[in-house]
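Remarks on the overall topology
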Amino acid sequence: TFSTSGSATCTACDSGTYSEAASSVCTKCDGGTWSNASAVACSPCSAGRASSTGSAACEVCKAGEFSREAASTCGSCVGGTYSTASSCNCTGCAPGTFSGSGAGSCTACSAGSYSGAASSACSKCDGGTWSDTGASSCSDCTAGTFSTSGSATCTACDSGTYSEAASSVCTKCDGGTWSNASAVACSPCSAGRASSTGSAACEVCKAGEFSREAASTCGSCVGGTYSTASSCNCTGCAPGTFSGSGAGSCTACSAGSYSGAASSACSKCDGGTWSDTGASSCSDCTAGTFSTSGS
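Along every chain, residues carry numbers that run from 1 in the direction the sequence is written. Per-residue local features are limited, in this predicted model, to residues with pLDDT of at least 70; the limit for side-chain atom pairs, both in listing and counting, is 80 or more; totals at the level of whole chains, interfaces and linings are taken over all residues. Side-chain metrics rest on all non-hydrogen atoms present in the structure, leaving aside hydrogens and water.

Now for the overall build of the protein chain. When helices and strands are counted, the protein chain shows zero helices and 34 strands. For a compact globule the rule gives 2.2 Å times the number of residues to the power 0.38, and the radius of gyration it is set against comes from C-alpha atoms. On C-alpha atoms alone, the protein chain measures out to a radius of gyration of 49 Å, which is more than a quarter above the 19 Å that the 2.2 N^0.38 rule sets for 295 residues. For the protein chain, the spread of C-alpha atoms along the three principal axes comes to 175 × 20 × 15 Å. Throughout this description, buried means an accessible area under 20% of the type-specific maximum (1.4 Å probe, protein chains only), exposed means over 50%, and partly exposed covers the range between. Residues counted as buried form 29% of the 295 residues belonging to the protein chain. It only takes one pair of heavy atoms within 4.5 Å for two residues to be counted as in contact. Sequence separation of at least 24 residues holds for 22% of the intrachain contacts in the protein chain that already meet a minimum separation of 6. When charges are counted, Lys and Arg are positive and Asp and Glu negative, with His and the chain ends excluded. Just so you know, the charge point we use is NZ for Lys, CZ for Arg, CG for Asp and CD for Glu. Across the protein chain, the centroid of the 10 positively charged side chains sits 5 Å from that of the 18 negatively charged ones. Helix numbers and strand numbers start at the N terminus; a helix is a DSSP run of H or I with at least 4 residues, a strand a run of E with at least 2.

The subject of this paragraph is the state of the cysteines. For this text, the term disulfide refers to a pair of cysteine sulfurs within 2.5 Å. The full count for this structure, using the stated rule, is 17 disulfides. Disulfide pairing places cysteine 205 opposite cysteine 218 at an S-S distance of 2.0 Å. Taking the torsion about the S-S bond as the criterion, the cysteine 205 to cysteine 218 disulfide, at about -85°, is left-handed. In this pair, cysteine 205 sits in the loop between strand S24 (203-204) and strand S25 (209-210) while cysteine 218 sits in the loop between S25 and strand S26 (219-220), placing the two residues 13 residues apart along the sequence. Cysteine cysteine 232 remains unbridged, with the sulfur of cysteine 234 as its closest cysteine sulfur at 9.4 Å.

Next up, the structure:
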């Protein structure tokens, strides 16, 4: 209580103030303390509460704030931590979550990102990795797939490409090889086929062409040889036939000419000799007959 000069009675101190014996005024409670009416002393605020000077009660700290005992203000939780109402401290966010300053809860990282414990932000997954929502780390893409930075999933490689595990891009198949989608490696073209860079299939060599295994192009048969489609080599023309370069078959020599094996052209018969169509040599004219060259 207190009284002023000439008072007939003493008056009770208001809430938020106090007095000692024989006081002429009541004194306001310091920040971080409080009192009811008629108080002889002020009481400290409990942890998780705070008060300003002259308070009749301590205010509860909000979610995202905290205080120790006898606090005049509530402090704000730093990023990467959180608190519920009336908290005496802030708690670190769990891995896979984050918070800004003054947070009442932590938020899960979005897919394609991750965080460690007590994080104020989530980090994007590197290319070649991925994550679901709320991830504490990113997982490697499997071979045959890829991802760019910040991906929630890995994407299958297209036909004609391949990848190893944890790849951020798919690599084109070399010439002479091919692949289906989601390939972990490219396969060589079989003999009689060929492919260019980044091919999803090997093309069959045409008649008059050939290739060995893993060829990027089909070669052309030289004159005097031929091939059917999808051949691994060229075959020499039989005697009595011939071919030019890139031939799919051999042509019989015309009458009056001849050829040996694997010939690119037929030769005329000499005078005094002759031949039928497809001859490998010329025959002599019999006595009493004659012929000119090419007969």
